[in-house]
Amino acid sequence: MTLYAAIFYILAAVILIATALAITRRNLVHSVVYLIISFFGSAMLYYLFGAPLLAVLEIIIYAGAIMVLFIFIIMMIRVEPSALRKPTLKEWFPAGILGFIYLAVALLVVSKDPGSHTTLKIALARPRIFGQFLFQKYWLSVEIISFLLLIALIGALYFGKAFAKGGGETKEDEP
Amino acid sequence: MIVPYSHVLLLAGILFAMGIVCAVARRNLIMMLIGVEIMLNSAGLVFVAAALRWGQLEGQVFVLFIFAIAAAEVSVGLALIIYAYRRTGSLDPETYNILRW
């Protein structure tokens with residue numbers, strides 16, 4: 001086992017443990033903090049797989065912006081701690097059977113596919129090369145994505161304004 | 001030489017399953033959005049590993065788009081959650097049955 005393989009397995013263990021803790025915590029702030037740890041691990045995996053620009057963007061966007069947004073929302077509204085839903089056996093059984101079939105098939109495909117046993121080699125996509133490639137071949141997609149972000153911004157603003165103008169139930173009581 | 005590609009696929013598959021559990025089994029709208037984030041992140045992991053496996057940069061470009069989609073989805077989703085919370089005063093998805101008769 002090389003050093004890189006050891007790094008991969010350590011990071012994978014940290015990511016899995018942190019995510020498992022995140023989805024089972026009752027307190028929302030705790031789960032968000034565990035999720036930040038998980039996303040840091042993912043960023044290091046991106047770096048290991050030769051994508052340094054994406055590793056930095058993962059930290060900035062996922063662990064930074066999105067998680068801070070979640071924490072803001074959790075602080076804005078009073079959240080009662082919530083546990084995992086306890087489904088009855090009748091609800092749980094068919095979903096469990098179907099999920100188990102999918103799990104078996106996926107394991108079979110991954111283990112039997114000869115292409116999936118090729119070992120990954122070390123490579124690095126420098127940010128300059130990556131940026132040139134992105135803006136030479138996929139500039140139209142970048143523009144479309146920027147348009148999507150603009151639409152998301154307008155949608156979020158609309159939901160904020162719709163309530164402020166009296167869409168809520170508390171405003172309807174007033175004359 | 002890092003690891004076989006199948007190990008990365010297994011890691012991403014387990015992460016995706018955890019995201020599904022979080023999105024389905026938690027009684028909280030915010031935790032459902034967090035589950036969707038976990039699923040998008042595991043998909044990005046597979047894309048980066050595939051880009052390394054075949055030596056093509058397209059996989060990394062797609063991860064950039066996944067980041068943008070995740071940011072847009074989370075902003076609109078949280079705005080919707082705030083709106084719904086102000087109308088009903090709860091985050092439990094089972095209380096949103098005002099369309100039922």
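So, here is what we can say about the structure in this document. Every value quoted in this text rests on a predicted model; they were computed, and no experiment measured them.

### Focus: the overall build of chain A
Then, in step 1: Looking only at helices and strands, one finds seven helices and zero strands in chain A.
Then, in step 2: Every one of the 175 residues in chain A was classed for burial, and the buried ones make up 31%.
Then, in step 3: Counting only carbon and sulfur atoms, one obtains 73% of the accessible surface of chain A, whose full area is about 11500 Å².

### Examining the pattern of salt bridges
Then, in step 1: Applying the stated criterion across every chain, the model contains one salt bridge over all chains.
Then, in step 2: The salt bridge partner of Lys137(A) is Glu58(B), with a shortest N-O separation of 3.5 Å. Note that Lys137(A) is positioned in helix α5 (residues 127-137) and Glu58(B) in helix α3 (residues 58-88), a pairing that runs across two chains.
Then, in step 3: In this structure Lys137(A) comes out as exposed when scored by relative accessible area, which is 51%.

### A word on the environment of Leu15(B)
Then, in step 1: Along the chain, Leu15(B) turns up in helix α1 (residues 5-25).
Then, in step 2: Sequence separation of Leu15(B) and Thr88(B) is 73 residues, and the distance between their C-alpha atoms is 32 Å.

### Considerations on a nonpolar patch on the surface
All names here are of chain A.
Then, in step 1: A cluster of nonpolar side chains, Leu89, Trp92, Phe93, Ile97, Leu98, Ile101, Val105 and Val109, forms an exposed patch at the surface whose accessible area comes to about 830 Å².
Then, in step 2: Secondary-structure assignment places Val105 in helix α4 (residues 89-112).
Then, in step 3: Owing to a relative accessible area of 46%, Val105 belongs among the partly exposed residues under this scheme.

Calculation criteria
- Residues numbered from 1 in each chain as written.
- Chains lettered and ligands numbered in written order.
- Predicted model: local features only at pLDDT ≥ 70, side-chain atom pairs only at ≥ 80, totals over all residues.
- Heavy atoms only, no water.
- Helix = DSSP H or I, 4+ residues; strand = E, 2+ residues; numbered from the N terminus.
- Buried < 20%, exposed > 50% of the residue type's maximum accessible area, 1.4 Å probe, protein only.
- Areas by Shrake-Rupley, 256 points an atom, 1.4 Å probe, with all protein chains shown as cover.
- Salt bridge = Lys/Arg side-chain N within 4 Å of Asp/Glu carboxyl O.
- Patch = residues over 30% accessible without salt bridge, like charges linked within 9 Å, V, L, I, M, F, W, Y side chains within 5 Å.

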